[in-house]
Amino acid sequence: MMTAERVYRLPSLKWDEALSRVSGAAVFIDELCAESLHWNRGAASLLEAGARSVRRFSSFESGAEDEPKAVFLVSASLAGRTADVIRDVVSLSRFRHCVVLSAATRTSSPRPPADGANPELEGGGGGGGGCRPPFERFEEQLREWMGGASCAAEVAHVPLLLLAPVAPRLLLLLAPALARLLPPPLPRDARSPSPELRVLLKAAAAELDALLEAAELREECFAVGPTSRLIAAELEAGCRARSRRKAASGGSSRSRSALDLAGAVAHHGDSLVEKILSALPPLPGHRSDVQVDMLELTGLPPSPENRHLVAPGCLAQPQDAAAQALWDSMLSNKQKEAVMEVRRHLVEAASKEKLPIKMGLGRVTADQLSSYARLFKGNAEALERHCGLLQLSLATAHTLRHPSLSRWDTCLAFERLLLQALGDSDLAAVLKQIRVLVGASATGSREHYSVDEVLTLLVYVYGLGVATEHESEQQQEESKLIGALALAVTMETELSPLLRTLTGCETPAELTAERAHSAMQRVFDTLRGVASARAHLKQLRSVYHAGDGVHQATYRPFLKQLLEEIYQGERADCPDVEHVSAGITELLKTGFSMFMKVSRPHPSDHALLILFVVGGVTPSELRLIREVVSTLRPGTQVLVLSTRLLKPTDVPELLFSKDSLAPDISI
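Just so it is clear, the structure is predicted and the values come from calculations on it, not from any experiment.

Undergrad: Would you mind going over the overall build of the protein with me for this structure?
TA: Across its full length, the protein carries 26 helices and 14 strands. Looking at the 667 residues of the protein, the share that counts as buried comes to 55%. Considering only residue pairs separated by 6 or more positions, the protein has 76% of its internal contacts joining residues 24 or more positions apart. Accessible surface for the protein amounts to roughly 28,600 Å². Of this, 52% is attributable to carbon and sulfur atoms.

This is the structure in structure tokens:
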């Protein structure tokens, strides 16, 4: 039987296949493959497998004179920009042997072929049969670019290279290629999503299809909401899915939730990893990892120049079992327990190395963690043995002392205030409070909130989806708030990345009052869609529970409600969890069930649940999934598939960006 752990390890096994081809080669790897490899085996695995050099996938790169072999690891189809870059690199080099490994199925690449591109040169799928076009013509092109028929060319498709195993204990797989996918609110009867969204939905279905194919699972698909229904329809339409249902063994069920933005932008006070992702700068080219300053473990004095000399640390430690265990603890536990685990691992490592550590009891502080880490300074062997642990420890220490933590607590307190205010009044009154906040910020008050923070708070408020009884008053307050925000934007001395995206202006000098007002108007158009995103649901319509004279108002996570609906109590059908029919047999069964006692498929029927959370998942939600399922159905195995690890600032950038769903076809 295929277990969740075995499914989780499949991408790493596929990377082992790819690594077996790089011996003696110059390796050219694109950004998405590099991010996935970072979490699977680590970039050093290329050199350990025998690669002579590792370079970016770029037209400005080439092989050295003494490098006769090249391996290209690409995420996109072999057409358009991808084919152009390969041609440029090969033409500038003296390769006699080229290997191209593509992770893209014919429909999975988020970069569609450029106009005029030959579809026969696209990367093929991995399942065989008519779904996989041949690569022979691209091999011929490679030989031409290398300069003769005597040169060797190999082109192959390796599935699952774009899935990143991020949490071994919590079993989280991320798809970096889909990191920009945060579907806009769609009505229930949506039939024609935008071409850009359609491309990404096809890519999402293709990644899931490849995973199920490799695991030899016969799935039962369940959808929650219009977007997941579209993904399920794409999955069911595939020829590999039809053949898999005839031949595969085992079973899995799949649900999805991207209907709860309030939880995604909330500043939860109990997640260490969420604060690390928010406080530390992102690792270049990555969506779910950060840079960790390692300068204090060297003999260099602290200065901006020296920081550029030392390679940054990161969170991903795929080759370090002890660091992986600590990373899982940081994800699984609340902040207090997670920080104590970091200290415990540091103390144990220092004791093993017989370093002069002084045990500290009580509250864990950033200075304490840094002092423990500095004990390893100057001990090269100890540094190498515990490098992963030290990177995670310093990430924790730097986050605990980061100045943004006070802003985090301030935003968390205001979110709680707004949550209670919605129970005592209505949305119009809450918008008035936020408008006062914007006005105070514009006048330089001590209670200063940036425009970015206000937009994040608005996503939280509208994401709660509280209905208003006074729609005209709400519209008036929205209009006033649009004006206040537009004025605040024009007063900014420097535009944040979010404001540059919203206004289309790079500098304040380019910004006019009209452009600022138009940008804020679009923001509120989107927010109204967010507020009604669950309106089509029957039982799972609300994530907000108003308080009364005894109890306070509370936020009820959508994922928790969904899992409780599936696993709690008797096996009852939830009208919001739609089973996607798998052919004429299931359609007949569904029809007969209206008149006869026919047992219809249910998500709780299977021992393995693959939960596909489109749009990203927060560390708090990840922990919540594990806690709810282990409590209600201890024997059920859960594998979470998502598009990125979310932090609060990610959601406004994805939600309000005009180009967030635009396929990447730039050069």
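Structure shown, so let's carry the discussion forward.
Undergrad: What is the right way to read unusual backbone geometry from this model?
TA: For residues besides glycine, phi is generally negative; the peptide bonds are generally trans as well. Not every positive phi belongs to a glycine, and Leu160 is a case in point at roughly 70°. Here Leu160 shows up in the loop between strand S5 (152-157) and strand S6 (164-167). Overall, the relative accessible area of 2% leaves Leu160 in the buried class. Within the chain, Lys354 stands out as a residue other than glycine whose phi angle is a positive 55°.

Undergrad: I tried to follow the packing of aromatic side chains on my own but got confused; where do I start?
TA: Think of a pair of aromatic rings as described by two things: how far the centres are apart, and how the planes are tilted against each other in angle. Evaluation of the coordinates by the stated rule reveals 7 aromatic pairs. Centroid distance Phe28 to Phe72: 5.1 Å. Interplanar angle 20°. Geometry classified as stacked. Taken together, the residues Phe28 in strand S1 (residues 26-29) and Phe72 in strand S3 (residues 69-74) connect sequence positions 44 residues apart. Since its relative accessible area comes to 0%, Phe28 is described here as buried. Since its relative accessible area comes to 0%, Phe72 is described here as buried.

Undergrad: Explain the nonpolar core here, please?
TA: Across soluble globular proteins, you tend to see nonpolar side chains buried next to one another. One finds Leu455, Leu458, Leu485 and Met520 to be the most contacted residues of the largest nonpolar core, which totals 128 residues. For Leu455, the residues in contact, after removing those within four places along its chain, are Leu485, Leu498, Leu502, Met520, Val523 and Phe656.

Undergrad: Even after reading the chapter, I still don't get helix H2 (residues 31-40), so can you show me in this structure?
TA: Every α-helix winds through 3.6 residues per turn, so residues three or four apart in the chain are directed the same way. Taking burial as the measure, the 10 residues of H2 include 8 buried ones, the bulk of the element. Of the positions making up H2, those classed as buried are Leu32, Cys33, Glu35, Ser36, Leu37, His38, Trp39 and Asn40. Among the residues trailing H2, Gly42 stands out with phi positive, at a value near 90°.

Undergrad: Sorry if this is basic, but what is going on with the environment of Val430 here?
TA: Looking at where Val430 falls in the secondary structure, it is placed in helix H18 (residues 427-442). For Val430, a relative accessible area of 0% puts it in the buried group. Placed 11 residues apart in sequence, Val430 and Leu419 show a C-alpha to C-alpha distance of 9.3 Å. In this structure, Val430 is in contact with Leu418, Ala421, Leu422, Ser425 and Val461, ignoring residues within four places of it in sequence.

Undergrad: What am I meant to see in the pattern of salt bridges here?
TA: Side-chain pairs of opposite charge can arise whenever the charged atoms involved come near each other. Applying the stated rule across the entire model yields 28 salt bridges. With a closest N to O distance of 3.6 Å, Glu17 and Lys14 form a salt bridge. Of the two residues, Glu17 and Lys14 are both situated in helix H1 (residues 4-19); the distance of 3 residues between them amounts to about one turn of the helix. With a shortest N-O distance of 3.5 Å, Glu31 and Arg287 are connected by a salt bridge. Here Arg287 lies in the loop between helix H10 (272-279) and helix H11 (304-307) and Glu31 lies in helix H2, a separation of 256 residues in the sequence.

Undergrad: I'm lost on the environment of Ala325 in this one. Help?
TA: Mapped onto the elements, Ala325 comes out in helix H12 (residues 321-332). Measuring from C-alpha to C-alpha, the distance between Ala325 and Glu341 comes to 10.0 Å, with 16 residues separating the pair along the chain.

Undergrad: How do you make sense of the packing of helix H6 (residues 195-215) against helix H7 (residues 226-237) when you look at a structure like this?
TA: A pair of packed helices is characterised by two quantities: the angle between their axes and the separation of those axes. Where H6 contacts H7, the axes come no closer than 8 Å and their chain directions differ by 55°. In this view, H6 runs oblique relative to H7, as classed from their interaxial angle. Handedness of the H6/H7 crossing: right-handed. Between H6 and H7, the contacting residues are Arg198, Leu201, Lys202, Ala204, Ala205, Leu208, Asp209 and Leu212 on the first element and Thr227, Leu230, Ile231, Glu234 and Leu235 on the second. Considered class by class, the residues forming the contact of H6 with H7 number 8 nonpolar, 1 polar and 4 charged.

Undergrad: Quick question: what am I supposed to make of H6 here?
TA: Taking 1.5 Å per residue as the helical rise, H6 with its 21 residues ought to reach 30 Å, and the 30 Å between its terminal C-alpha atoms agrees with that figure. With 15 of 21 residues buried, H6 is to be regarded as a mostly interior element. Two residues or fewer after H6 comes Glu216, characterised by a positive phi angle close to 55°.

Undergrad: Looking at this structure, I do not really get the sheet that holds strand S4 (residues 97-102). What am I missing?
TA: Whether parallel or antiparallel, the strands of a sheet pair through hydrogen bonds between backbone atoms. Across the sheet, 5 strands lie side by side as S2-S1-S3-S4-S5; this open sheet has parallel pairing. Looking along the sheet, the strands with just one partner apiece sit at the ends: strand S2 (53-56) and S5. Put simply, the sheet's adjacent strands are angled 15° from each other on average, direction ignored. For S1 and S3, the ladder comprises 4 bridges, and the chain directions are parallel. Within the sheet, the bridge partner assigned to Phe28 lies in S3 and is Phe72. Across the face of the sheet, helix H5 (residues 136-146) comes into contact with S4 and S5 while running at roughly 145° to S5.

Undergrad: Honestly, the packing of H10 against H12 in this entry has me stumped. Any pointers?
TA: Contact geometry for H10 and H12: axes closest at 7 Å, N-to-C directions at 100°. Our classification of the angle between H10 and H12 gives roughly perpendicular. Each of Leu272, Val273 and Ile276 in H10 lies in contact with H12, whose residues at this interface are Trp327, Met330 and Leu331.

Undergrad: Whenever I open this one, the pairing of S4 confuses me. Can you help?
TA: Successive residues of a regular strand alternate their side chains across the two faces of the sheet. Across the 6 residues of S4, 5 count as buried, placing the element largely inside the fold. Following the backbone out of S3, through helix H4 (residues 80-91) and into the adjacent parallel S4, one traces a crossover that is right-handed.

Undergrad: Would you explain the side chain of Gln368 in this entry?
TA: The residue Gln368 is located in helix H14 (residues 366-374) in this model. When its relative accessible area of 13% is taken as the criterion, Gln368 is described as buried. Excluding residues that lie within four positions of it along the chain, Gln368 makes contacts with Arg343, Gly360 and Arg363.

Quick notes on the rules
- Residues numbered from 1 in each chain as written.
- Predicted model: local features only at pLDDT ≥ 70, side-chain atom pairs only at ≥ 80, totals over all residues.
- Heavy atoms only, no water.
- Helix = DSSP H or I, 4+ residues; strand = E, 2+ residues; numbered from the N terminus.
- Buried < 20%, exposed > 50% of the residue type's maximum accessible area, 1.4 Å probe, protein only.
- Contact = heavy atoms within 4.5 Å.
- Areas by Shrake-Rupley, 256 points an atom, 1.4 Å probe, with all protein chains shown as cover.
- Phe/Tyr/Trp six-rings, centres within 6.5 Å; stacked < 30°, edge-to-face > 60°.
- Core = buried A, V, L, I, M, F, W, Y, C linked by side-chain atoms within 4.5 Å.
- Salt bridge = Lys/Arg side-chain N within 4 Å of Asp/Glu carboxyl O.
- Axes fitted to C-alpha atoms, helices over the stretch in contact; angles between N-to-C directions.
- Parallel < 35°, antiparallel > 145°, perpendicular 65-115°, else oblique.
- Left-handed = near helix turned anticlockwise from the far one by under 90°.
- Nonpolar A, V, L, I, M, F, W, Y, C, P; charged D, E, K, R; others polar.
- Expected span 1.5 Å × (residues − 1).
- Pairing = 2+ DSSP bridges.
- Right-handed = clockwise from strand over helix to strand, strands pointing away.

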